[in-house]
Amino acid sequence: MTAPGGSPSPAELLPRLAGLEVVVLGDPVLDAWLDGSATRLCREGPIPVVDVAGTRLAPGGAADAAANLAGLGARVRLVGPVGDDSDAAELRE
């Protein structure tokens, strides 16, 4: 099946990613989501005070694009600045 205009459909393109060498250039980011409950607002402004019950981390920015391409079978090289702290170590994993 081809997309309008004669170009291949996404379903036809996905198998072509397996083994493809891709360079992703950009800012790798570590995204974090905090899970918890908020029962009051901060005195200084309308900001919820959250009792954190858990944290979920995931690659974001260019790191997300690289992880998605790798998950589709591409061989990926990510080029971008990363710090030297615990968050950077988590992102590298």
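Residues numbered from 1 in each chain as written. Predicted model: local features only at pLDDT ≥ 70, side-chain atom pairs only at ≥ 80, totals over all residues. Heavy atoms only, no water.

Some thoughts on the nonpolar core
Membership of the largest hydrophobic core is limited to five residues, which are Val22, Val24, Ala62, Ala66 and Ala74. Counting residues per element, the ones that place at least two in this core are strand 1 (21-25) and helix 2 (62-71). Setting aside anything within four residues of it in sequence, one finds Val22 in contact with Leu69, Ala74, Arg75, Val76 and Arg77. (Core = buried A, V, L, I, M, F, W, Y, C linked by side-chain atoms within 4.5 Å. Buried < 20%, exposed > 50% of the residue type's maximum accessible area, 1.4 Å probe, protein only. Helix = DSSP H or I, 4+ residues; strand = E, 2+ residues; numbered from the N terminus. Contact = heavy atoms within 4.5 Å.)

Observations regarding the pattern of salt bridges
Counted according to the given criterion, the structure contains two salt bridges. Among the ionic pairs, Glu21 bridges to Arg75, the shortest N-O distance being 2.4 Å. With Glu21 in strand 1 and Arg75 in strand 4 (residues 75-79), this residue pair connects regions lying 54 residues apart in the sequence. Among the salt bridges present, the one from Arg56 reaches Asp35, with a minimum N-O distance of 3.3 Å. (Salt bridge = Lys/Arg side-chain N within 4 Å of Asp/Glu carboxyl O.)

Here's the deal with the environment of Glu21
Classification of Glu21 as exposed rests on a relative accessible area of 60%. Considered as a pair, Glu21 and Asp31 are ten residues apart in the sequence and their alpha carbons are 25 Å apart. Polar side-chain contacts of Glu21 include one of 2.4 Å to the side chain of Arg75. (Polar contact = N/O pair within 3.5 Å; in protein donor to acceptor, adjacent residues only side chain to side chain.)

Re the confidence of the model for the protein
In the predicted model, the protein carries a mean pLDDT of 91, and the fraction of residues at 70 or more is 95%. For the protein, the element scoring lowest by mean pLDDT is helix 1 (residues 10-13), at 83; strand 1 scores highest, at 97. (pLDDT = per-residue confidence, 0-100.)

Observations concerning a negative patch on the surface
Residues Asp84, Asp85, Asp87, Glu90 and Glu93 make up a contiguous surface patch of negative charge. For Glu90, a relative accessible area of 36% gives the class partly exposed. (Patch = residues over 30% accessible without salt bridge, like charges linked within 9 Å, V, L, I, M, F, W, Y side chains within 5 Å. Areas by Shrake-Rupley, 256 points an atom, 1.4 Å probe, with all protein chains shown as cover. Lys, Arg positive; Asp, Glu negative; His and termini not counted. Charge placed at Lys NZ, Arg CZ, Asp CG, Glu CD.)

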